[in-house]
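Structural description and commentary
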Amino acid sequence: MEVIPIPEKLPCYRLYQDEIAALKQMLAEKDEVIRDLSVRELDRTQALQETASEINRAKNKLHRLATQPEAASRIAEVEVALAALKQTELEEPGAVFWFLAQSLLNAAMTAYEQKDYSNVMNYAAQSSELIDVITNRARKNLELQEAVSSFRVPILLLVTQASNLRADSDSSSKVISLLKKNVPLTAIAYCDNWLFVQTADNLSGWIENRAVGIQVNNPGLRE
């Protein structure tokens, strides 16, 4: 029978204890660092949210304090951009977005005649968002057009024909609700010819852009 040699020195239990304690201390220090980073990240997120809120408040204040020359200049900018786009061949959904942008420009002009310069700035900003949609589509290839893009300024819309609110930007996706004509919507993002919208009762989903029109304060401007 083979005799197994006994090592001259057995491992010291004390050494293992010291190593375990050192590892625990290291983990505790790492956890403290992670917690500190998490707190900093949370603070940073809250700071960004507060900054965003301050920016929105500042924008709203600037809109409220908008002067006649500023409003006129903003209308002119949008008018020039839309005129340039009209010279190009726009296919759906670009043509639909152009029509909505033009409707918002018309609303801005009406607000200007009424000396409502705050709404001039709001309608012009929404129109500019839709102009950006059209110009961005022109720069993207077909593959990239499938991506979802957010609006920097929410677009206020109305349902112009009863349509399904769907879970995805696909005519075969799940139906969330049937939206009746004249239901107000807020468009938050878009994907190809679909708009991601939210209703007043907090339903959200996708609707085709050809099923909506602009939402303005003056009912006579709705299209």
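Description of the structure in this document. For every chain, the first residue of its written sequence is number 1, and the numbers climb from 1 along that sequence. Only residues with pLDDT of at least 70 are given local features in this predicted model, and only at 80 or more are side-chain atom pairs given and counted; all residues enter the totals for whole chains, interfaces and linings. Processing note: side-chain calculations cover all non-hydrogen atoms of the structure and skip hydrogens and water entirely.

1. Some points on the overall build of the protein
In DSSP terms, a helix is any run of H or I states spanning at least four residues, a strand is any run of E spanning at least two, and both are numbered starting from the N terminus. For the protein, the count of helices and strands is four helices and seven strands. Reading the secondary structure of the protein in the N-to-C direction produces α-α-α-α-β-β-β-β-β-β-β. Whether a residue is buried, partly exposed or exposed follows from its accessible area with a 1.4 Å probe, protein chains only, as a fraction of its type maximum: under 20%, in between, or over 50%, in that order. Across the 223 residues in the protein, those meeting the buried criterion constitute 31%. For the protein, the proportion of contacts with a sequence separation of at least 24, taken over those separated by at least 6, is 63%. Note on contacts: a residue pair qualifies if any of its non-hydrogen atoms lie within 4.5 Å across the two residues.

2. Observations concerning the pattern of salt bridges
In what follows, salt bridge is the name for a side-chain nitrogen of Lys or Arg lying within 4 Å of a carboxyl oxygen of Asp or Glu. Counted by the stated rule, this structure contains two salt bridges. Note that Arg-74 and Glu-77 form a salt bridge whose closest N and O atoms lie 3.0 Å from each other. Of this pair, Arg-74 and Glu-77 both sit in helix H2 (residues 68-86), three residues apart, roughly one helical turn. A relative accessible area of 46% places Glu-77 in the partly exposed class. Note that Arg-210 is salt-bridged to Glu-208, the shortest N-O span being 3.5 Å.

3. Examining the packing of aromatic side chains
Only centres within 6.5 Å qualify two rings of Phe, Tyr or Trp (six-membered ring in Trp) as a pair; their planes then separate them into stacked at under 30 degrees, edge-to-face at over 60, and tilted for everything else. In total, this model carries four aromatic pairs according to the counting rule given. Between Phe-151 and Tyr-190, the ring centres sit 5.3 Å apart and the planes meet at 35°, which makes this aromatic pair tilted. Placement of the pair is Phe-151 in strand E1 (residues 149-159) and Tyr-190 in strand E4 (residues 184-191), with a sequence separation of 39 residues. In this structure Phe-151 comes out as buried when scored by relative accessible area, which is 10%. Chaining the aromatic ring pairs together yields one cluster made of Phe-97, Phe-151 and Tyr-190.

4. A short note on the packing of H2 against helix H3 (residues 94-113)
In this analysis, axes come from line fits to C-alpha atoms, helices being fitted only over the stretch in contact, and the angle between any two N-to-C directions falls in the range 0 to 180 degrees. Taken N-terminus to C-terminus, the directions of H2 and H3 make an angle of 155°; their axes are 10 Å apart at the nearest point. Judged by the angle between their axes, H2 and H3 are roughly antiparallel. In terms of crossing hand, the pair formed by H2 and H3 is left-handed. Where H2 approaches H3, its residues Gln-68, Ala-71, Ala-72, Ile-75, Val-78, Glu-79, Leu-82, Leu-85 and Lys-86 are matched on the opposing element by Trp-98, Ala-101, Gln-102, Leu-105, Ala-108, Met-109 and Tyr-112. Any residue that is not Ala, Val, Leu, Ile, Met, Phe, Trp, Tyr, Cys, Pro, Asp, Glu, Lys or Arg is counted as polar, Gly included; the first ten are nonpolar and the last four charged. Taken together, the residues of the contact of H2 with H3 break down into 12 nonpolar, two polar and two charged. Roughly parallel refers to an angle under 35 degrees, roughly antiparallel to one over 145, roughly perpendicular to one between 65 and 115, and oblique to any angle outside these ranges. Note: crossing handedness is left-handed where the near helix turns anticlockwise from the far helix by less than a right angle, and right-handed where it turns clockwise.

5. Here's the deal with H2
Here a helix's expected span is defined as the number of its residues, less one, multiplied by 1.5 Å. If you check H2, its first and last C-alpha atoms are 27 Å apart, about what 19 residues at 1.5 Å a residue would give, namely 27 Å. Restricting attention to buried positions, one finds in H2 the residues Ala-71, Ile-75, Val-78, Leu-82 and Leu-85. Seen end-on, H2 carries its buried residues on one side only, within an arc spanning 85°. Away from the buried face of H2 by more than 90 degrees, exposed residues Pro-69 and Val-80 are located. In this description, one arc is meant: the one made by directions from the helix axis to the C-beta atoms.

6. What to know about unusual backbone geometry
Located in the positive-phi region is Lys-115, a residue other than glycine, with phi close to 60°. With respect to the element layout, Lys-115 can be found in the loop between H3 and helix H4 (117-139).

7. Some remarks on the nonpolar core
Generally speaking, a soluble globular protein has its nonpolar side chains buried in company with each other. The definition of a nonpolar core used throughout is a set of buried Ala, Val, Leu, Ile, Met, Phe, Trp, Tyr and Cys residues joined through side-chain atoms within 4.5 Å. One finds Phe-97, Leu-130, Phe-151, Leu-185, Leu-195 and Ile-207 to be the most contacted residues of the largest nonpolar core, which totals 41 residues. Where this core is concerned, the elements lending two or more residues are H2, H3, H4, E1, E4, strand E5 (194-199) and strand E7 (212-214). Sorting elements by how many residues they give to this core places H3 first, with 10 residues. Other than its neighbours up to four places away in sequence, Ile-207 contacts Val-159, Ser-163, Asn-164, Leu-179, Leu-185, Asn-193, Trp-194, Leu-195, Val-197 and Val-212.

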